[in-house]
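Structural description and commentary
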2 protein chains.
Amino acid sequence: MEYIDDSAFLIAFGKNLRKHRKLKGFTQAQLAIDLRFDISQISRIERGIINTSIGNINAIANILKVDIKVLFDF
Amino acid sequence: MEYIDDSAFLIAFGKNLRKHRKLKGFTQAQLAIDLRFDISQISRIERGIINTSIGNINAIANILKVDIKVLFDF
DNA sequence: TAATATGTAGGCAAATATGCCTATATTTTA
DNA sequence: TAAAATATAGGCATATTTGCCTACATATTA
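These numbers were taken from a predicted model, which means no experiment stands behind them.

Some remarks on helix α1 (residues 6–23) of chain A
- The end-to-end C-alpha distance of α1(A), which contains 18 residues, comes to 26 Å, matching closely the 26 Å that a straight helix rising 1.5 Å per residue would cover.
- For α1(A), every residue scored as buried is listed here: F9(A), L10(A), F13(A), G14(A), N16(A), L17(A), H20(A) and R21(A).
- Residues of α1(A) that are buried sit in contact with α2 (28–35), α3 (39–47) and α4 (54–64) of chain A together with α4 (54–64) of chain B.
- Within two residues after α1(A), G25(A) carries a phi angle of roughly 75°, on the positive side.

Have a look at this one:
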């Protein structure tokens, strides 16, 4: 198993999240509103700027109607 | 798809993490040392007290040598 | 091209996680 | 049972995330 550092992991995660958000037809703003998140958070997460919580990712998966494991499959 | 609130999710996640930690033969202390985490964090995560980051979970998966998706499979 | 929609950048205060610490409880082993 | 190992509880200072905000950049559409 290959080691992946935190920064590379967060960037890869964000890229994958963005892919699935678009596949489900959400803009960052729409997703943020449904989640009652601030819109800036979605942008920060997708760019790998911040290391968000597993609870937030679970909430995102619920709104996107995808299995949470899909968001970690990259 | 069933809605799972943050608290229930964190508790279920922690329970599953504990299961996989034990399957791999780690104590909380051993895991914390390898991760350079404080030991109290492992206990807090496994009990669902805190909502830790995806980066931390990735680091844990690396140390346990499990696919990160396994930790979200419950 | 021009207008509109979508996303990025960054400052700041408040909320939350984290590390470090001591003490206590629970579980496992001799 | 007694001792040792493992896990829980909680306080406190520091670090990080988050929401709210304004401004700017990029992409999409008329």
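The discussion continues.
Here we look at the relation of the copies chain B and chain A
- Take chain B, turn it by 180°, move it 0.0 Å along the axis, and it overlays chain A with an RMSD of 0.0 Å. Viewed as a symmetry operation, the transformation between the two copies matches a two-fold axis. No C-alpha of chain B approaches the rotation axis more nearly than that of S53(B), which lies at 2.0 Å.
- With an isologous cut-off of 70% or more, the 100% of interface residues of chain B that recur at the interface of chain A puts this contact in the isologous class.

Digging into unusual backbone geometry
- The phi dihedral of R36(A) is positive, around 60°, even though this residue is not glycine.
- On the secondary structure map, R36(A) appears in the loop between α2 and α3.
- With a phi close to 55°, K65(B) is a non-glycine residue in the positive phi region.
- Tracing the backbone through its elements, the reader meets K65(B) in the segment after α4.

Re the protein's contact with DNA strand D
- Contacts to DNA strand D come from 18 residues, most closely from Q41(A), N56(A), R18(B), Q28(B) and R47(B).
- In the interface set of DNA strand D, defined as its atoms within 4 Å of the protein, sugar plus phosphate atoms amount to 75%.
- Between DNA strand D and the protein, one listed contact pairs a base oxygen with a side-chain N or O atom of R44(A) at 3.2 Å.
- Between DNA strand D and N56(A), the relevant distance is 2.7 Å, taken from a phosphate oxygen to a side-chain nitrogen or oxygen of the residue.
- Elements represented by at least two residues in the surface near DNA strand D include exactly α3 of chain A together with α1 (6–23) and α3 (39–47) of chain B.

About the criteria used
Residues numbered from 1 in each chain as written. Chains lettered and ligands numbered in written order. Predicted model: local features only at pLDDT ≥ 70, side-chain atom pairs only at ≥ 80, totals over all residues. Heavy atoms only, no water. Helix = DSSP H or I, 4+ residues; strand = E, 2+ residues; numbered from the N terminus. Expected span 1.5 Å × (residues − 1). Buried < 20%, exposed > 50% of the residue type's maximum accessible area, 1.4 Å probe, protein only. Contact = heavy atoms within 4.5 Å. Least-squares fit on C-alpha atoms with pLDDT ≥ 70 in both. Near = heavy atom within 4 Å. Polar contact = N/O pair within 3.5 Å; in protein donor to acceptor, adjacent residues only side chain to side chain.

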